[in-house]
Amino acid sequence: MLDWIRDDFASRAADHDIDGSFPFENFAILHKHGLLSAALPADLGGGGADLARLAKIVRAVSYGDPSTGLVLVMQYLFTAQFARGRNWAPGLRERVLRSVIDDGALVNGLRVEPDLGTPGRGGVPATVVRRTAAGWVLNGRKIYSTGAPGLKWMSVWAATDEDEPRIGGVLVDSATPGVRIEPTWNHLGMRATGSHDVVFEDVRIPDDQLSALVRLQDQHLLLDAEFQLRNALLISIVYDSVAHAARDWFVSWLQQRVPTALGAPLSTLPRFQELVGRIEALLYANRLLLERSIHMPDPAAAGTVKYIVTNNAVQAVQLAIDAIGNPALTRAHPLERHLRNVLCSRVHMPQDDIVLTGLGRAAFAATHG
């Protein structure tokens with residue numbers, strides 16, 4: 001089944017990339033096969049998939065269409081978090097999970113803002129939820145809202161308007177009056193993720209749709225180690241899959257390309273054999289790191305794994321691009337799309353500078369210098 005899904009999604013990926021359209025049909029297929037609820041425990045009606053199984057699904061989907069793969073990663077992260085019941089009212093938890101299982105509802109967290117940037121670097125969100133005589137009301141704008149056109153549930157990072165603001169998640173049903181999607185996503189790569197702006201204008205929020213809100217200095221209490229681990233590993237797999245797709249296309253092209261002056265495929269030349277070997281070495285290192293991290297998870301090392309895997313993936317695609325030269329940068333060329341997509345690996349948290357700074361500080365601390 002996963003092989004069929006991979007190939008089916010791949011058949012449409014270039015078209016969705018060209019026009020930046022959201023692949024609704026892909027998510028209908030994933031729901032039909034029970035894959036949108038794969039991260040939920042079996043006793044709740046979900047797929048009961050462990051991390052290894054989720055990784056296999058994400059790899060197949062992302063090889064075919066990485067934009068779909070990235071939205072699916074967010075689905076797995078947030079549905080699993082809801083299943084753990086952390087910070088959300090039990091009744092709301094059941095309602096959200098039921099909609100995922102029965103209806104294929106998509107869920108994601110909306111955190112980034114025009115001025116704040118990513119909350120992972122600190123700061124108070126400008127998106128505000130305030131208490132009124134009629135109940136809670138939400139106002140604000142979120143950017144880079146992955147999957148926005150298809151989302152049923154949006155977990156919105158917001159602050160109260162109290163003298164000492166509290167922060168946390170506010171769950172919003174996308175059909176609620178006052179929720180508006182502005183089609184702003186016109187990105188270099190991952191163009192089919194539908195990561196548009198979402199605007200909230202006087203959106204009424206039921207009491208049970210507020211998570212546990214905490215003071216700014218206590219926001220570490222909201223951190224979820226399992227969420228952060230899976231985020232780093234599954235996002236790495238999305239972009240490693242892009243590199244594998246590029247590698248497979250490149251190897252096939254070298255085997256089929258027979259220049260007139262050579263009279264034999266380019267794959268017979270030592271130069272290209274060595275170059276493909278370099279790509280293979282990068283992807284082999286990725287495979288070892290990811291397999292070890294999936295079967296022996298280490299939350300403290302997850303960011304480092306993401307840094308190594310995604311940078312290896314970028315380098316692998318760039319090697320293929322360099323070998324082909326100018327034609328590979330033509331908009332209609334398959335490698336051009338893979339390059340644009342793999343470059344987007346750098347925007348996801350934890351970002352490279354945060355990972356490397358942490359490693360450097362740890363090295364200095366270990367030497368007691």
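Residues numbered from 1 in each chain as written. Predicted model: local features only at pLDDT ≥ 70, side-chain atom pairs only at ≥ 80, totals over all residues. Heavy atoms only, no water.

As for its position among the elements, E113 is in the loop between strand 1 (106-110) and strand 2 (128-132). Since its relative accessible area comes to 3%, E113 is described here as buried. The contacts of E113, once residues within four sequence positions are left out, are P125, A126, T127, R141, K142, I143 and W157. In terms of polar contacts, E113 uses its side chain to reach the side chain of T127, at 2.6 Å. (Helix = DSSP H or I, 4+ residues; strand = E, 2+ residues; numbered from the N terminus. Buried < 20%, exposed > 50% of the residue type's maximum accessible area, 1.4 Å probe, protein only. Contact = heavy atoms within 4.5 Å. Polar contact = N/O pair within 3.5 Å; in protein donor to acceptor, adjacent residues only side chain to side chain.)

As for its placement among the helices and strands, D240 is situated in helix 6 (residues 225-256). Using a relative accessible area of 1% as the deciding quantity, one classes D240 as buried. Setting aside chain neighbours within four positions, we find D240 in contact with R59, L283, N286, L290, V309 and A313.

Further remarks concern the pattern of salt bridges. On inspection of all chains with the given rule, the structure shows 25 salt bridges. Between R6 and D7 there is a salt bridge, with its nearest N and O atoms 2.9 Å apart. Classification of R6 by relative accessible area gives partly exposed; the value is 24%. Overall, D7 belongs to the partly exposed group, its relative accessible area being 45%. A salt bridge links E25 to R12; the shortest N-O distance between them is 3.1 Å. Note that E25 is positioned in helix 2 (residues 24-32) and R12 in helix 1 (residues 2-19), a separation of 13 residues in sequence. (Salt bridge = Lys/Arg side-chain N within 4 Å of Asp/Glu carboxyl O.)

Core analysis: the largest hydrophobic core is formed by 102 residues, its most contacted members being L30, Y76, L138, M154, V172, F200 and F250. For this core, the element with the highest residue contribution is helix 6, accounting for 15 residues. Once residues within four sequence positions are removed from consideration, V172 is found in contact with L138, K152, W153, M154, V156, V179, F200, V203, I205 and Q209. Within the second largest apolar cluster, 5 residues are counted, among which are W157, A159, I167 and L222. (Core = buried A, V, L, I, M, F, W, Y, C linked by side-chain atoms within 4.5 Å.)

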